[in-house]
Amino acid sequence: MIDVSTPPATGPQAQKRGGRRVYRPNTKHIPVLATLALLVVMYSIGVYNYESFGDTQVFLNIFVDNAFLLVVAVGMTFVILTGGIDLSVGAVIALTTTVAATLLAAGWPAGVVLPLVLLIGTVMGLGMGAVIHFFKVEPFIATLAGMFLARGLALLIDRNSIPITNDFWTQMAQKRFRFDDGVFISLNVVIAAIVVLIAAIVLAWTRFGRNVYAIGGNADSALLMGLPVGRTRIAVYTLSGFCASLGGVLYSFYTSSGYSLHGQGLELDAIAAVVIGGVLLTGGSGYVLGTVLGVMVLGLIQTIITFQGDLNSWWTRIVVGVLLFAFIVLQRLVTRKAK
Amino acid sequence: MTSMLRHRLFWPAAVLVVLLASNLVFSNNFFTITLQDGHLYGSLIDILRRSAPLVLVALGMTLVIATGGIDLSVGSVMAISGALACLLIGDLSNPDAVGPVLLVVGAAIALCLVFGLWNGFLVAVLGIQPIIATLILMVAGRGVAQLITDGQILNVHSAPYRVIGAGYFLAVPVSFLIAAAAVGLTVALTRRTALGLLLESVGGSPTASRLAGIRSRRITIMVYVFAAAFAGVAGLIYSSDVSSADSNAAGNLIELNAILAVVLGGTALTGGRFSIAGSVLGAVIITTLDITAVSVGVPVETTLLFKAVVVIILCLAQSATFRAKVFGRFGTKRAEVPA
């Protein structure tokens, strides 16, 4: 018998947190709740063990230092929800920062450079999406080629780190929103928050968002239902390209430089954040909120390791690996139960 | 002519010929092979010697991909095996004795087998998607390698260890002989026994092969163990060649290059049919590409761009949909199955 009490993987109703009719805890929420619990536990451990860990600014710095990752991870969330993957995001960041820095150094106005670099990332995403859809090339391979292309272009433009001294860029980089004395967030955080908000709304309440979930659940069924599979699939890669280049802009605000080796391995961080945030890697299930929590977990690990002082940075990787394992097994258990 | 064009190795072979031919134009003594101090020297020998690690990794990757999986952790496994070997050799009282060095090599490969088992366990027993299951070790593995070397680059001075990567036997590079032996072993195992057939059937449909009485779980675990073992040997070759263990540089991006080699060789990422000759050819193409870039005088940093262009062209050439759309009858484009 078909288990009608469980929401189907493709059902858009299942994603609407507000309009849920079933009152028992939705299995789809378990990974996100687990991430939230983990976050609370980690934060408590930090506050308990280290002096001044509980400062509001320490918490806000997680966002200040990871705003670019958050934006990239939001784009990655869309791609992974359709069951794809985008390996090019780190390289697109490198390309964005390099192009921006080079053009600004050549005296181009910021008002031209900013839209231009965003356009470059978007067009790259569009191209990869088109190749994936029209020529049926695996997303893994197509975005791998995109990664080589973007990183190669960045290296071709300049292999050295270029400082950015443009007035607009410096202003944006130094812009702070202060609450109390000593408690502030940077402009990057505000931009990232806006991106998250828009993405969450799009995913939860628009036709495009539902199509994304439907394709991730089962692309063939989505096609048979008459959903615009091709258009949606190309759109998510375009979106991811845009988010990656926006992340690149934020990164260039954050570091005030353009460098062809920026963002190396960032695609892994973004994928890890999305997975830890409870998005199913086969697609079809997950929330932007989960991704935000995933990025916070990564940021918190770094913060704890910094506070601990005698731990080396490679512990970050090991801890992230262990967390990845734990969450993937959890996903496995949850999806098994759902079936 | 058409049957030759249709041969699965035609396109990769054509690329290799074009690459070699371009060397004929750009560098004068590319094809000269000389005998100095009982060693063969020349760019061609260099290609053979330098492609050994990639050939080994690509071999393991071919078997994994044949079962419909993928192994992202090979680079990390390379780093771990090199790190462990260098650490243990540094502790030897006499690093020039052959026996203990062999023991060390055995220990390093044994550790890699354990990692392979771990990957296989995650994929075959827990049923986690291969790309995700191996992502865990990819992220955590480099951390483990840095843990082994304590974040340092370990230098070793051991004559027998150096033979693995930089030595010559009967004027031929030892690393090439190791790779050739591995290729021979794999071909014998997969094409002279039923193993190859079983691999392809598991890749084609794990469920159907299980129903047909094939222990698909055991076969899946086996291919990951194979892949890790080959990656371990590749890691030893790499670290022996430079007489040190560098946890960051060893096997960096090699998983992508290996996947590229396999795809170039005509093995589809969806599993099923595989071509060992194709993967070896693919690995040699990628190494030749790197060496050609240097000899043609293309700046090193543009090699990536070069690679991206080749990947894009090859992927499109291999995509049956693309061929049908560009060269073929437009009416039948939907009927084609993607390569």
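Residues numbered from 1 in each chain as written. Chains lettered and ligands numbered in written order. Predicted model: local features only at pLDDT ≥ 70, side-chain atom pairs only at ≥ 80, totals over all residues.

### A short note on the interface of chain A and chain B
On the chain B side, the residues contacting the 35 residues of chain A number 32 residues. At the level of secondary structure, the elements contributing two or more residues to the side of chain A that touches chain B comprise α6 (139-157), α12 (266-276) and α14 (314-338) of chain A. For the side of chain A that touches chain B, the element with the most residues is α14 of chain A, which contributes 12 residues. The class makeup of the residues in the side of chain A that touches chain B is 25 nonpolar, four polar and six charged. (Contact = placed C-beta atoms within 7 Å. Helix = DSSP H or I, 4+ residues; strand = E, 2+ residues; numbered from the N terminus. Nonpolar A, V, L, I, M, F, W, Y, C, P; charged D, E, K, R; others polar.)

### A closer look at the UniProt feature "transmembrane region" (unreviewed entry) in chain B
Residue and element names in this part refer to chain B. Listed under "transmembrane region" (unreviewed entry) in the UniProt record, and renumbered for this structure, are residues 51-70, 101-124, 131-148, 168-189, 219-238, 250-269, 276-298 and 304-324. Secondary structure within residues 51-70 divides into 75% helix and 0% strand; the distance between the first and last C-alpha atoms comes to 21 Å. In the segment residues 131-148, helix accounts for 100% and strand for 0%; the C-alpha atoms at its two ends are 25 Å apart. (UniProt positions renumbered as here; feature names shortened; annotations may be inferred.)

### As for the environment of D158 of chain A
All names here are of chain A. Position of D158 among the secondary structure elements: in the loop between α6 and β1 (162-163). In this structure D158 comes out as partly exposed when scored by C-beta crowding, with 17 C-beta atoms within 10 Å. Expressed as a C-alpha distance, the spacing of D158 and T98, which sit 60 residues apart in the sequence, is 7.2 Å. D158 has contacts with T98, T102 and S260, leaving out every residue within four places of it along the chain. (Buried ≥ 20, exposed ≤ 12 C-beta atoms within 10 Å, placed from the backbone.)

### Structural notes on the confidence of the model for chain B
Residue and element names in this part refer to chain B. Of all residues in chain B, 90% attain a pLDDT of 70 or more, and the chain-wide mean is 80. The least confident element of chain B, judged by mean pLDDT, is helix α1 (residues 2-6) at 62; the most confident is helix α4 (residues 52-66) at 90. Residue range residues 330-339 is modelled with pLDDT below 50. Its contacts to residues more than four positions away, or to other chains, number 16 contacts. Interface scoring of the predicted complex returns ipTM 0.72; its pTM is 0.80. (pLDDT = per-residue confidence, 0-100.)

### A closer look at the environment of F322 of chain B
Positionally, F322 of chain B belongs in helix α16 (residues 320-326). Given 22 C-beta atoms within a 10 Å radius, F322 of chain B is considered buried. The contacts of F322 of chain B, once residues within four sequence positions are left out, are F135 of chain A together with L316 of chain B.

### Things to note about the packing of helix α4 (residues 89-105) of chain A against helix α5 (residues 110-134) of chain A
Residues and elements named next belong to chain A. Packing of α4 against α5 brings their axes to within 10 Å, and their N-to-C directions diverge by 155°. The pairing of α4 with α5 is recorded here as roughly antiparallel in orientation. The crossing of α4 and α5 is right-handed. Across the interface between the two elements, V92, L95, T96, V99, A100, L103 and L104 from α4 touch A110, V113, V117, I120, G121 and M124 from α5. (Axes fitted to C-alpha atoms, helices over the stretch in contact; angles between N-to-C directions. Parallel < 35°, antiparallel > 145°, perpendicular 65-115°, else oblique. Left-handed = near helix turned anticlockwise from the far one by under 90°.)

### What to know about the nonpolar core
Among the nonpolar cores identified, the biggest contains 216 residues, and V71, V72, V275 and L324 of chain A together with V57, A227 and F230 of chain B are the most heavily contacted of them. Per-element accounting of this core gives the leading share, 17 residues, to helix α12 (residues 216-242) of chain B. (Core = buried A, V, L, I, M, F, W, Y, C linked by C-beta atoms within 7 Å.)

### Digging into the environment of S209 of chain B
Residue and element names in this part refer to chain B. Examined against the element boundaries, S209 turns out to sit in helix α11 (residues 206-211). As a C-alpha pair, S209 and L198 span 11 residues in sequence and 8.0 Å in three-dimensional space. Dropping the residues within four chain positions of it, S209 is found in contact with S201, V202, I214 and S216.

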